[in-house]
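Fold and contact review
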Amino acid sequence: MISIGNMCKAICGVAAGATNGVFNLYWAKGEGSGIADIQAKFGAQHTVTGALGLIFAALFARSVADFTGFRLWFLYFSLVALHLYANMQCMKLIVMKSINKSRMKLLIRQFIRDWKHEEDTTTGNEFKISPLIKLLDPVTMARREPLFFTGPSPRLPCRTLFGESFDKHQCVSRLTQKELKEAVSSQDPYVISSNPQTKTVVVSLSDKATNRDTLKAYFHAYLLGDFLKNASKKENVCHDGLAFNKHWLRFEECLETAGWDLDRSEIYGCGYEYSLVTHLK
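Read on for a plain summary of the structure. Within every chain, residues take consecutive numbers counted from 1 along the sequence as written. This being a predicted model, a pLDDT of at least 70 is required before a residue's local features are given, and a value of 80 or more before pairs of side-chain atoms are given or counted; all residues contribute to the totals for chains, interfaces and linings. Hydrogens are left out, water is left out, and the side-chain values use all remaining heavy atoms of the structure.

Describing unusual backbone geometry
For K199, which is not a glycine, the phi torsion comes out positive at approximately 55°. In this text, helices come from DSSP runs of H or I with a minimum length of four residues, and strands from runs of E with a minimum of two, each type numbered from the N-terminal end. The residue K199 is located in the loop between β4 (190–195) and β5 (200–206) in this model. Think of it in three bands: with a 1.4 Å probe and only protein chains considered, a residue is buried below 20% of the maximum accessible area for its type, exposed above 50%, and partly exposed in between. Under the relative-accessibility criterion, K199 is labelled partly exposed at 22%.

A word on the pattern of salt bridges
Counted as salt bridges are all cases of a side-chain nitrogen of Lys or Arg within 4 Å of a carboxyl oxygen of Asp or Glu. In total, this model carries six salt bridges according to the counting rule given. Close ionic contact of E145 with R103 constitutes a salt bridge, the shortest N to O distance being 3.2 Å. On the criterion of sequence distance, the pair formed by E145 in the loop between α5 (138–144) and β3 (159–162) and R103 in helix α4 (residues 101–113) is long-range, its members being 42 residues apart. For E145, a relative accessible area of 15% corresponds to the buried category. The salt bridge involving E252 is made with R212; its shortest N-O contact spans 2.6 Å. Of this pair, E252 sits in helix α9 (residues 241–258) while R212 sits in helix α8 (residues 211–230), placing them 40 residues apart in sequence. Salt bridges sharing common partners tie together R212, E252, E256 and D263.

This is the structure:
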């Protein structure tokens, strides 16, 4: 039992340390704070809480010394459940203005719900956006964002490969060299393609892509996946750049109005980036 307890404690320590590192890096990027200041405060806090924990543990052990085994196990599991519940409630109080994949999908789904689809015989599908789109702010998102044991994270409309290598991009999308050259030469610092047969969207990011560009690429991939999900396997899903840019500008404005920091992104892909190299003769 002692060995199993130590193993569980080690797993909890690794998970807590990794999570704590993310929060420290986020707070260290704020104004008036640094990673050294954060670590110093964390060390002092850990020392105080550890000392108080030892004192309380000694008093608690003496008070339950005469308990039966059943009462001890019942008390143990009750305190563990209370500990998990308290941690989950505390996590909902932590407000982060950066956007990760889970928050981005929730925001896009809320944005899409305000769309009104109308069929047009000339231009195909035309989207009219409601003039008032109030997205979730960071405080409300912290309370609604799915945590462990509180529901699954929202999924993308179809299979999406984000931040893939350029070679795999070509294999998945099955684009020709000419089509890829035209896609790379566009003004956006990313290349996005789709394969209607496999219902797959693939995105490759440029080495010059900023955090705001990454959010734009993820938004583009979500919209294209939504179109691809409802399209047939033989139907060619076209990329209407003008229509998409209009939707992105609207979505970007709604995010900034809600209080999100678009220059701090927590959306990561597979780690690949492409760069354009010009050979001068």
